[in-house]
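The residues making up each chain are set out below.
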Amino acid sequence: MSFRVGLGHDTHRLIAGRPLILGGVRIEHDLGLDGHSDADVLLHAITDALLGAAGLGDIGELFPNTDPQWHNADSALFVREAQRRLTELGWTIVNLDCTIHAERPTLSAHKPAIAARVAELLGLDRSQVNVKAKTGEKVGPIGRQEAINADAVVLIERSDDPCWK
Ligand code: MG
């Protein structure tokens, strides 16, 4: 087998009047994330981790935020398209680990639902997906509740069968 690792990171600003969607899960909060699409910071980080692992560039190349077709788009589209491209090249996901950085809302109660939704989107077993949450310790843009960040790391594998070379 061959293995590759991919890293993703994303930031979106918190503003009033937008829904807060993390990992495909709508979370009740007085602020939401600003962005061209649904601004799902976690799914964007996961999309970049997947693309990065397979050497396929980044989310901005595939889904430019200047393209009107992605206005308010469900970010599930991005993560699924990234996975489709990996699958086409023979890659499968071994595991995915993520961290969401948010001062508020408190995400501990939401982590299981987020991990379950991410696993569902990617057709993975729940045991292959881990979601962590951290605050910003009241400092910086996260701590001041100006933004939410997400990090994702993914391991992918494929057989060394010559058809993939
Ligand atoms: Mg983004």
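Everything discussed here concerns the structure shown above.
Residues numbered from 1 in each chain as written. Predicted model: local features only at pLDDT ≥ 70, side-chain atom pairs only at ≥ 80, totals over all residues. Heavy atoms only, no water.

Colleague: Hey, could you go over a nonpolar patch on the surface for me, with residue numbers and the actual values?
Modeller: Nonpolar side chains collect at one region of the surface, where V5, L7 and V153 lie side by side and expose about 290 Å² of accessible area between them. Structurally, the position occupied by V153 is in strand 7 (residues 147-158). A relative accessible area of 38% places V153 in the partly exposed class. (Patch = residues over 30% accessible without salt bridge, like charges linked within 9 Å, V, L, I, M, F, W, Y side chains within 5 Å. Areas by Shrake-Rupley, 256 points an atom, 1.4 Å probe, with all protein chains shown as cover. Salt bridge = Lys/Arg side-chain N within 4 Å of Asp/Glu carboxyl O. Helix = DSSP H or I, 4+ residues; strand = E, 2+ residues; numbered from the N terminus. Buried < 20%, exposed > 50% of the residue type's maximum accessible area, 1.4 Å probe, protein only.)

Colleague: Can you explain the environment of P105? Please cite residues and give values.
Modeller: Note that P105 resides in the loop between strand 5 (92-101) and helix 4 (111-122). For P105, a relative accessible area of 11% puts it in the buried group. Sequence separation between P105 and G90 is 15 residues; the distance between their C-alpha atoms is 39 Å. Once residues within four sequence positions are removed from consideration, P105 is found in contact with L20, I27 and H29. (Contact = heavy atoms within 4.5 Å.)

Colleague: Hey, could you go over the pattern of salt bridges for me, with residue numbers and the actual values?
Modeller: This structure, assessed with the given rule, holds eight salt bridges. Between D34 and R13 there is a salt bridge, and its shortest N-O distance comes to 2.8 Å. One end of the pair, D34, is in the loop between strand 4 (32-33) and helix 1 (41-53); the other, R13, is in strand 1 (residues 2-15), and 21 residues separate them in sequence. Assessed through its relative accessible area of 26%, D34 is described here as partly exposed. A salt bridge links E146 to R144; the shortest N-O distance between them is 2.9 Å. Here the salt bridges share partners, and the residues they tie into one network are E81, R84, R85 and E88.

Colleague: So, the environment of G57: which residues are in play, and what are the values?
Modeller: Within the secondary structure layout, G57 lies in the loop between helix 1 and helix 2 (59-62). Residue classification places G57 among the partly exposed positions, given a relative accessible area of 34%. Residues in contact with G57, not counting those within four places in the same chain, are L51 and G52.

Colleague: Report on the coordination of the magnesium ion, specifying residues and quantitative values.
Modeller: With distances of 2.1 to 2.2 Å, the protein atoms coordinating the magnesium ion are D10 (OD), H12 (NE2) and H44 (ND1). Of note, the magnesium ion draws all its donor residues from one chain, in the sequence arrangement D-x1-H-x31-H. With a gap of 32 residues between them, H12 in strand 1 and H44 in helix 1 connect regions that are remote in the sequence. (Donors = N, O, S within 2.8 Å, 3.2 Å for Na, K, Ca; no water.)

Colleague: Explain the packing of helix 1 against helix 4 to me, and be specific about the residues and the numbers.
Modeller: Running from N to C, helix 1 and helix 4 cross one another at 45°; their axes reach a closest spacing of 12 Å. Between helix 1 and helix 4, the crossing angle belongs to the class labelled oblique. Between helix 1 and helix 4 lies a crossing of right-handed hand. On helix 4, the residues that touch L42, L43, I46 and L50 of helix 1 are I114, V118, L121 and L122. (Axes fitted to C-alpha atoms, helices over the stretch in contact; angles between N-to-C directions. Parallel < 35°, antiparallel > 145°, perpendicular 65-115°, else oblique. Left-handed = near helix turned anticlockwise from the far one by under 90°.)

Colleague: Break down the nonpolar core for me, with residues and values.
Modeller: A general trend in soluble globular proteins is that nonpolar side chains are found buried together. In terms of nonpolar packing, the biggest core is built from 48 residues, with L22 and I46 touching the most fellow members. In terms of residues, this core owes the most to one element, helix 1, which gives nine residues. If we skip the residues at most four places from it in the chain, L22 touches I27, L33, D40, V41, I100, L107, I114 and I148. (Core = buried A, V, L, I, M, F, W, Y, C linked by side-chain atoms within 4.5 Å.)

Colleague: Go over the layout of surface pockets, please, and point to the residues and values.
Modeller: Considered as a void within the structure, the largest pocket measures approximately 210 Å³ in volume. Forming the boundary of the largest pocket are H12, H36, S37, H44, I59, G60, F63, P64, N65, W70 and F78. Partitioned by chemical class, the residues of the lining of the largest pocket number five nonpolar, six polar and no charged. (1 Å grid on protein atoms, 1.4 Å probe; cavity = no way out; pocket = protein on both sides within 12 Å on 5 of 7 lines; lining within 4 Å. Points joined across faces, edges and corners; volume = space filled by probe spheres on them. Nonpolar A, V, L, I, M, F, W, Y, C, P; charged D, E, K, R; others polar.)

Any functional reading would require information that these geometric values do not contain.
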